[in-house]
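Structural description and commentary
Residue-level listing of the chains:
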Amino acid sequence: MICDGIRSSSAIFYSQFIDNLNLTPRQSASVVALFYSMFFLSGPLAGLSASRFGTKTTVLTGTALMFAGLLTSAFVHSYWALLITFGFLHGLGQCMVIIPSLGALPLWFSKYRQLATASFMATGGVGIFLIAPLVQLLVDRYTWRGSVIVLAGIILHGVVAVATFLSRSRNATHHTVDLELSVVLGDLVVNPCYWLKIFSTFFTFGVSLLPIFVMRHLTEYRGYTAAEAATLLSLIGMTSFAGRVSFVVLNFNLKTATKNNRFVVFNLSALLSTVASGLLPLMWSYPAVAAICGVLGFVKGVRIASMAGVTLDIASPTRFQTAFSIEHFFGGVSALAVPPIVGLLAETYKSYHPAFYMASVGFFIAFVLGLFIQYIEYSKKTAAQHLAKSSLRQTAVKKTSKLRTPILLRTA
């Protein structure tokens, strides 16, 4: 919850780095890009660490890295130092907290496995609409340097939560290490749906990065105050939480928690994101912008909540942590490349409109890829059903033959 809240507040820090550290939009975007990319790129490292040393140890290490990265950021004065503290250490720490925590859930739950993962993804929405206004308040009162010190203190409270993790998490995952390293990677490489899911993740960079550019777009080019922009950011957080909760409700009932329903929701969120992100640059009035931000937040929440569930549908529970961590890595490649490009476009065209149009195209590509995934998975299901019916018919014929044979012998 805290991690998602801080990530959603990157839009506030993005503007603060430009205004108070005299960074260019491209430099500030690269700091945020490194933070996001380390959060994603370190996925395989976090997954392997959890398998080798246990979930609790890995998450505690990540908490320490987050604390160190935020605290030291308050005392840096150069672009390169900020890249290391806020970008590298902080992003790596968040990844080592999120990936092992999520990866352990399918091994802890069986009947409500999808509900557990959906609920985990949904709690981040609470942090989004609680932390973003808090960060803006801290920045207004203590400057951005004081705000990261306070956030570092909040992070330390996570140690108490981690202490309650099941000690058996290491035992539950350690026996799958050899299986994951020798078999899972091979299974995933030859799985076309998994590759399509990776590319879909790559092109949905707008899910995490759009709020950052929304805030700067509104304050610099639309004349909104920082408080008004922060309110819209909080609105995105609230509707994002609503979207995540909606997906949890879908998975709460076993009758509606079907694989096909998850794919429909997953693809529909990409389509609505395509429309909303493309319309945002065309809106000028505050109510219209707020409406678009609300839609963006809702579909963002649904998209984020469904991503893990769809990956779990494609991969088995024992393969989920490896599959999701590798997928996370490719998301990091996207997060590393996109913000500097957007910063360059903003400097060149004096507008963030290209960022929204680029995100809209990315969402549409993800939508098309999602349709292919759903079609392949449906074909597999249909083929399996036909095979099962054929096996039943063959079994029935064999039983009939066995019953008729003694009758023929007696007649003879």
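In this report, we go over the structure that sits alongside the text. Keep in mind it's a predicted model, so treat the numbers as computed, not measured.

Put simply, helix 3 (residues 25–41) and helix 16 (residues 317–349) touch, their axes get as near as 7 Å, and they point 170° apart. On the basis of their axis angle, the class for helix 3 and helix 16 is roughly antiparallel. In this structure, helix 3 contributes Pro-25, Arg-26, Ala-29, Ser-30, Ala-33, Leu-34, Tyr-36, Ser-37, Phe-39, Phe-40 and Leu-41 to the contact, and helix 16 contributes His-328, Phe-329, Gly-331, Gly-332, Val-333, Ala-335, Leu-336, Pro-339, Pro-340, Gly-343, Leu-344 and Glu-347. A per-class count over the contact of helix 3 with helix 16 returns 15 nonpolar, six polar and two charged.

Okay, the pattern of salt bridges next. Tallying each qualifying case throughout the model produces four salt bridges. Note that Lys-197 and Glu-327 form a salt bridge whose closest N and O atoms lie 2.4 Å from each other. Note that Lys-197 is positioned in helix 11 (residues 192–203) and Glu-327 in helix 16, a separation of 130 residues in sequence. For the pair Lys-197 and Glu-327, a shared accessibility class is recorded, and that class is buried. Across the salt bridge formed by Glu-377 and Lys-259, the nearest N and O atoms sit 2.4 Å from each other. Here Lys-259 lies in helix 14 (residues 259–279) and Glu-377 lies in helix 17 (residues 353–411), a separation of 118 residues in the sequence. In this structure Lys-259 comes out as partly exposed when scored by relative accessible area, which is 31%. Linked through salt bridges whose partners overlap, the residues forming this network are Lys-259, Glu-377 and Lys-380.

Attention now moves to the packing of aromatic side chains. Scanning the model with the defined rule gives eleven aromatic pairs in all. Ring centres of Trp-195 and Phe-199 lie 6.5 Å apart, and the angle between their planes is 35°; on these two criteria the pair is classed as tilted. Of this pair, Trp-195 and Phe-199 both sit in helix 11, four residues apart, which is roughly one turn of that helix. What makes Trp-195 partly exposed here is its relative accessible area of 34%. With relative accessibility at 42%, the residue Phe-199 sits in the partly exposed group. Every member of this aromatic cluster is reached through a ring pair, and the members are Phe-13, Phe-17, Phe-35, Tyr-36, Phe-86 and Trp-144. Above the face of the Phe-266 ring, Arg-303 is positioned so that its terminal group lies 3.8 Å from the ring centre.

Let us now look at the environment of Cys-193. Within the element layout of this structure, Cys-193 appears in helix 11. Overall, the relative accessible area of 0% leaves Cys-193 in the buried class. C-alpha separation for the pair Cys-193 and Gly-370, spaced 177 residues apart in sequence, amounts to 9.0 Å. Setting aside residues up to four positions removed in sequence, Cys-193 forms contacts with Ile-314, Ile-373, Ile-376, Glu-377 and Lys-380.

Here the focus is the nonpolar core. Judged by nonpolar contacts, the single largest core of 80 residues is most densely connected at Phe-13, Phe-17, Leu-70, Leu-82, Phe-86 and Trp-144. Those residues in contact with Phe-13, other than ones at most four positions away along the chain, are Phe-86, Val-135, Trp-144, Ser-147, Val-148 and Leu-151. Judged by nonpolar contacts, the second largest core, of 15 residues, contains Cys-193, Tyr-194, Ile-198 and Phe-263.

As a further point, take the environment of Phe-298. Mapping Phe-298 onto the fold places it in helix 15 (residues 286–314). Phe-298 gets classed as partly exposed once you look at its relative accessible area, which sits at 35%. Sequence separation of Phe-298 and Ser-273 is 25 residues, and the distance between their C-alpha atoms is 9.4 Å. Ignoring any residue separated from it by four or fewer positions in sequence, one finds Phe-298 in contact with Thr-239, Ser-240, Ala-242, Gly-243 and Ser-246.

The rules behind these values
- Residues numbered from 1 in each chain as written.
- Predicted model: local features only at pLDDT ≥ 70, side-chain atom pairs only at ≥ 80, totals over all residues.
- Heavy atoms only, no water.
- Axes fitted to C-alpha atoms, helices over the stretch in contact; angles between N-to-C directions.
- Helix = DSSP H or I, 4+ residues; strand = E, 2+ residues; numbered from the N terminus.
- Parallel < 35°, antiparallel > 145°, perpendicular 65-115°, else oblique.
- Contact = heavy atoms within 4.5 Å.
- Nonpolar A, V, L, I, M, F, W, Y, C, P; charged D, E, K, R; others polar.
- Salt bridge = Lys/Arg side-chain N within 4 Å of Asp/Glu carboxyl O.
- Buried < 20%, exposed > 50% of the residue type's maximum accessible area, 1.4 Å probe, protein only.
- Phe/Tyr/Trp six-rings, centres within 6.5 Å; stacked < 30°, edge-to-face > 60°.
- Lys NZ or Arg CZ within 6 Å of the ring centre and 35° of its normal.
- Core = buried A, V, L, I, M, F, W, Y, C linked by side-chain atoms within 4.5 Å.

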